[in-house]
Number of protein chains: 2
Amino acid sequence: MIPGQAKREPVRIGIFQCAAGGLSLDARLERLRDAVAGAQTGADGGLDLVLCPELFASGYNVADELASRAEPATGAIFARFAELARALDIAIVYGYPEQGDGCIHNAAAFVSAEGELLANHRKQLNSPGSFEEACFAPGEHTTMLSWRGLRIAILICYEVEFPEAVRCAAVAGAKLVLVPTALTDRWGVVAEQVVPARAFENGVWLAYANHAGHENGLDYLGGSKIVAPDASIEAAAGPDEALIGATIDPGRVEAAQRRLPYLRDYRRYRCNT
Amino acid sequence: MIPGQAKREPVRIGIFQCAAGGLSLDARLERLRDAVAGAQTGADGGLDLVLCPELFASGYNVADELASRAEPATGAIFARFAELARALDIAIVYGYPEQGDGCIHNAAAFVSAEGELLANHRKQLNSPGSFEEACFAPGEHTTMLSWRGLRIAILICYEVEFPEAVRCAAVAGAKLVLVPTALTDRWGVVAEQVVPARAFENGVWLAYANHAGHENGLDYLGGSKIVAPDASIEAAAGPDEALIGATIDPGRVEAAQRRLPYLRDYRRYRCNT
């Protein structure tokens, strides 16, 4: 890792699939730092961005602790990730419980390598039948940002299961969709079929970052992946803790969308039944 | 096959994945008859409906012949399929080139076991970069029907690749989506990932009927399948000619839609970017 390294195009992104059940924020940050620092010295030139899972900063399945661990978007959790981003010279996207105005949001923040908060997404759709419905106030919009010349959307977990969410982002110009998630091992169909379908049916890059291991009775699937616009799997994790990476070539978005003009033709479909 | 057999609930449907390249209509009907007649004497009690591929009646990759082979929706092609449906006591869904009012449509007809035309779907979205764009006038609506107490939608090939199309049908109450297709071996991602995702993200049954073999330079994938509302593959064909079947239990639609309320929650997603 060389601070101030020349900015490469296309960018290289990673996913840190952490086995974080029961870990403190300090321990999570340490694991993230060690994994990324190791990758930055690798032969591929390292990563420009690392994506972490849903509620990575607090733990996911810790309903009783979320209120006490929640922080404002630029509060103590942000300060720690911003410090790490600057130290590693890498952008970090991390899930955390956001203390809002009298409520808590299931949020994901994008902090640049310079330590700036570039975007903060609040999950709109709580996962059904989970503690989320009692804990979180839903967000109100799709979140997009520009970074290194790349239009990016952020969705959290259940949101990516809705084709409307990724279509909305792709139509608004997203070339890459970042998805922190917390998927248990019952739902392999989401990681294996739905997530690649979302990339393919819009011709966009999609990174899906899950937890590994166990947490208070939940068994996570792992299976994080980076999917190309033609649905090929550019990087995939197994069930255990891992850092995976892939190079995001925006030219492959243009090629996919030219070959299969879904973003043109979906407007022509008439839904009158 | 026993004409007048008691109508079973739930219904059992089949897909005839035919290696039909170069065959006449007579030869196609004969193969369909032989395959279905064999299945009707099987231990599982036979089929109530059989789904055939896109443009099954004429051949798919026969652009120069489509005008001469086209027939009105209740013309000579229909008469032959209606006769076979009555003889086999089975509903048949078949793709064919429909002679419209000064144009030709890429159509699929649903003929009941009594020989009645219950629905006729005209493909709305021509497959991009294919001969279809020069040959076919697009249809203007989603096609639905009721049969044996089951709400059914018909889509053709490229249409099912649009999440909007299956969502529209599911919201309108479809429990089963029938999809004649002509998919070449380059596009395994559609059969393996997109089609199961469509069933899962709506909690509906989906039957995807492809050609097998070769036809004028096209190599078909085969890979026809019947997908349950939880995305499990209830029946799947390999690359060769095959008749596959599965029992359609509408109760599994209710269970899937209760477990994952996508049809409720998609309305809550706000697309403002």
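Residues numbered from 1 in each chain as written. Chains lettered and ligands numbered in written order. Predicted model: local features only at pLDDT ≥ 70, side-chain atom pairs only at ≥ 80, totals over all residues. Heavy atoms only, no water.

K.L.:
It is not clear to me how the interface of chain A and chain B should be interpreted in this structure. Could you clarify?
P.N.:
Interface size, as often reported, equals the accessible area lost upon joining of the parts. Across the contact, 45 residues belong to chain A and 45 residues belong to chain B. Around 3,900 Å² of area is buried between chain A and chain B when both sides are counted, 62% of it from carbon and sulfur atoms. Area buried by chain A at its contact with chain B is led by Gln193, Tyr269 and Thr273 of chain A, which between them contribute 16% of it. On inspection of chain A and its partner chain B, the count reaches four salt bridges. A salt bridge links Arg167 of chain B to Glu164 of chain A, with the nearest nitrogen and oxygen atoms 2.7 Å apart. Linking chain A to chain B there are 18 residue pairs in polar contact (both at pLDDT 80 or more). Elements that contribute at least two residues to the side of chain A that touches chain B include exactly helix H5 (163-171), helix H6 (188-202) and helix H8 (262-265) of chain A. In terms of residue count, H6 of chain A provides more of the side of chain A that touches chain B than any other element does, ten residues in total. When grouped by side-chain class, the residues that make up the side of chain A that touches chain B number 24 nonpolar, six polar and 15 charged. (Contact = heavy atoms within 4.5 Å. Buried area = accessible area lost by both parts, 1.4 Å probe. Salt bridge = Lys/Arg side-chain N within 4 Å of Asp/Glu carboxyl O. Polar contact = N/O pair within 3.5 Å; in protein donor to acceptor, adjacent residues only side chain to side chain. Helix = DSSP H or I, 4+ residues; strand = E, 2+ residues; numbered from the N terminus. Nonpolar A, V, L, I, M, F, W, Y, C, P; charged D, E, K, R; others polar.)

K.L.:
How should the relation of the copies chain A and chain B be read in this particular structure?
P.N.:
The two copies are related by a screw operation: chain A maps onto chain B through 180 degrees of rotation and 0.0 Å of translation along the axis, at an RMSD of 0.0 Å. Those values place the two copies in the arrangement expected of a two-fold rotation axis. Measuring from the rotation axis to each C-alpha of chain A, the shortest distance belongs to Gln193 of chain A, at 2.3 Å. The residues that chain A uses at the interface reappear at the interface of chain B in 100% of cases, marking a shared surface. (Least-squares fit on C-alpha atoms with pLDDT ≥ 70 in both.)

K.L.:
Explain the packing of aromatic side chains to me, please; I cannot follow it from the model alone.
P.N.:
Here a ring pair, both rings aromatic, is described through the centre-centre distance and the interplanar angle of the planes. Per the stated rule, a full pass over the model turns up 24 aromatic pairs over all chains. Between the aromatic rings of Tyr158 of chain A and Tyr262 of chain B, the centroid separation amounts to 5.8 Å while the plane-to-plane angle is 20 degrees, which identifies the pairing as stacked. Residue Tyr158 of chain A is found in the loop between strand E7 (150-154) and H5, and its partner Tyr262 of chain B is found in helix H8 (residues 262-265); the two belong to separate chains. An aromatic cluster is defined as three or more aromatic residues linked by ring pairs; in this entry it consists of Phe16, Phe56, Phe81, Tyr94 and Tyr96 of chain A. One cation-aromatic arrangement involves Arg148 of chain A over Trp147 of chain A; the distance from NZ or CZ to the ring centre is 5.5 Å. (Phe/Tyr/Trp six-rings, centres within 6.5 Å; stacked < 30°, edge-to-face > 60°. Lys NZ or Arg CZ within 6 Å of the ring centre and 35° of its normal.)

K.L.:
Can you help me understand the sheet that holds strand E3 (residues 91-99) of chain A in this one?
P.N.:
In a beta sheet, neighbouring strands are held together by backbone hydrogen bonds and run either parallel or antiparallel to one another. All names here are of chain A. One open sheet accounts for six strands, arranged E5-E4-E3-E2-E1-E14; its pairing is mixed. The open sheet has two edge strands, strand E5 (117-122) and strand E14 (242-248), and neither has a second partner. The sheet shows a mean angle of 30 degrees between the axes of neighbouring strands, direction not considered. Each of E3, strand E4 (104-111) and E5 is contacted by helix H3 (residues 76-88), which is oriented at about 175 degrees to E3, the strand it contacts most. (Pairing = 2+ DSSP bridges. Axes fitted to C-alpha atoms, helices over the stretch in contact; angles between N-to-C directions.)

K.L.:
Would you mind showing me how to read the packing of helix H1 (residues 25-40) of chain A against H3 of chain A here?
P.N.:
In a packed pair of helices, the relevant descriptors are the angle between the two axes and the axis-to-axis distance. Residues and elements named next belong to chain A. Running from amino to carboxyl end, H1 crosses H3 at an angle of 20 degrees, the nearest separation of the two axes being 11 Å. By the angle class used here, H1 and H3 are roughly parallel. Note that H1 runs across H3; the crossing there is right-handed. Of H3, the residues touching H1 (which contributes Leu25, Asp26, Leu29, Leu32, Arg33, Val36, Ala37 and Gln40) are Ile77, Arg80, Phe81, Leu84 and Leu88. (Parallel < 35°, antiparallel > 145°, perpendicular 65-115°, else oblique. Left-handed = near helix turned anticlockwise from the far one by under 90°.)

K.L.:
Help me out: how do you make sense of empty space enclosed by the protein in this one?
P.N.:
One simple way to see leftover space: roll a probe sized like a water molecule over the atoms. Residues and elements named next belong to chain B. On inspection of all chains with the given rule, the structure shows two cavities of 30 Å³ or more. Of the voids in this model, the largest cavity is the one considered here, and its volume is about 50 Å³. Lining the largest cavity are Phe200, Asn202, Gly203, Pro229, Asp230, Ala256, Gln257, Arg259, Leu260, Tyr262 and Leu263. The leading source of residues in the lining of the largest cavity is helix H7 (residues 251-259), at three residues. Partitioning the lining of the largest cavity into residue classes produces six nonpolar, three polar and two charged. (1 Å grid on protein atoms, 1.4 Å probe; cavity = no way out; pocket = protein on both sides within 12 Å on 5 of 7 lines; lining within 4 Å. Points joined across faces, edges and corners; volume = space filled by probe spheres on them.)

K.L.:
Even after reading the chapter, I still don't get H3 of chain A, so can you show me in this structure?
P.N.:
Residues spaced three or four apart along an α-helix face the same direction, because each turn holds 3.6 residues. Residues and elements named next belong to chain A. With 13 residues, H3 extends 19 Å between its outermost C-alpha atoms, agreeing within 8% with the 18 Å of an ideal straight helix rising 1.5 Å per residue. Along H3, the positions that sit buried rather than exposed are Ile77, Phe78, Phe81, Ala82, Leu84, Ala85 and Leu88. Mapping the buried residues of H3 onto a view down its axis gives an arc of 165 degrees, with all of them on the same face. On its buried face, H3 is in contact with H1, helix H2 (66-69), E3, E4 and E5. (Expected span 1.5 Å × (residues − 1). Buried < 20%, exposed > 50% of the residue type's maximum accessible area, 1.4 Å probe, protein only. Arc of directions from axis to C-beta.)

K.L.:
Sorry if this is basic, but what is going on with the environment of Arg252 of chain A here?
P.N.:
Residue and element names in this part refer to chain A. Following the sequence through the fold, Arg252 ends up in helix H7 (residues 251-259). Those residues in contact with Arg252 that sit more than four places away from it in its chain are Trp205, Ala228, Pro229, Asp230, Ser232 and Glu234. Only 3.4 Å separates the side chain of Arg252 from the side chain of Ser232, close enough to count as a polar contact.

K.L.:
Would you take a moment to explain the side chain of Asn61 of chain A for this structure?
P.N.:
Residue placement: Asn61 of chain A occurs in the loop between strand E2 (49-51) and H2. With residues up to four places along the chain from it excluded, the contact list for Asn61 of chain A reads Phe131, Glu215, Asn216, Leu218 and Tyr220 of chain A.

K.L.:
Could you clarify how one ought to interpret the state of the cysteines in this entry?
P.N.:
A disulfide bridge is the covalent bond that connects two cysteines by way of their sulfur atoms. This structure, assessed with the given rule, holds two disulfides over all chains. What pairs with Cys168 of chain A in a disulfide is Cys271 of chain B, and their sulfur atoms sit 2.3 Å apart. Across the disulfide from Cys168 of chain A to Cys271 of chain B, rotation about the S-S bond amounts to roughly 120 degrees, and the bridge is consequently right-handed. Pair noted here: Cys168 of chain A is in helix H5 and Cys271 of chain B is in the segment after H8, and the two residues belong to different chains. With a relative accessible area of 5%, Cys168 of chain A lands in the buried category. On the basis of relative accessibility, which here comes to 40%, the residue Cys271 of chain B falls in the partly exposed class. Summary of cysteine pairing: Cys52 of chain A is not part of a disulfide, and the nearest cysteine sulfur, belonging to Cys18 of chain A, is at 8.0 Å. (Disulfide = S-S within 2.5 Å.)

K.L.:
What am I meant to see in the pairing of strand E5 (residues 117-122) of chain B here?
P.N.:
Strand residues, when the strand is regular, have side chains that alternate between the two faces of the sheet. Residue and element names in this part refer to chain B. Judged from the five bridges that link them, strand E4 (residues 104-111) and E5 form a sheet pairing that is antiparallel. In the strand pairing of E5, Ala109 is matched with Asn120. Linking two consecutive strands that pair antiparallel, namely E4 and E5, is a turn of five residues; a positive phi of about 85 degrees is found at Gly115 within it.

K.L.:
What exactly am I supposed to notice about unusual backbone geometry here?
P.N.:
In terms of backbone geometry, most residues other than glycine have negative phi values and most peptide bonds are trans. Residues and elements named next belong to chain A. Despite not being glycine, Cys157 shows a phi value in the positive range, around 50 degrees. Examined against the element boundaries, Cys157 turns out to sit in the loop between E7 and H5. Of the residues examined, Cys157 reaches a relative accessible area of 4% and is grouped as buried.

K.L.:
Is there a simple way to think about the sheet that holds strand E6 (residues 143-147) of chain A in this case?
P.N.:
Residues and elements named next belong to chain A. Taken in spatial order, the six strands line up as E6-E7-E8-E9-E12-E13 in an open sheet, and their pairing is mixed. Looking along the sheet, the strands with just one partner apiece sit at the ends: E6 and strand E13 (233-236). Taking the axes of each pair of neighbouring strands and ignoring which way they run, one obtains an average angle of 15 degrees across the sheet. Bridge count for strand E8 (residues 176-180) against strand E9 (residues 205-209) is five bridges, and the pairing is parallel. In the sheet register, Val179 faces E9, and the bridge partner there is Tyr208.

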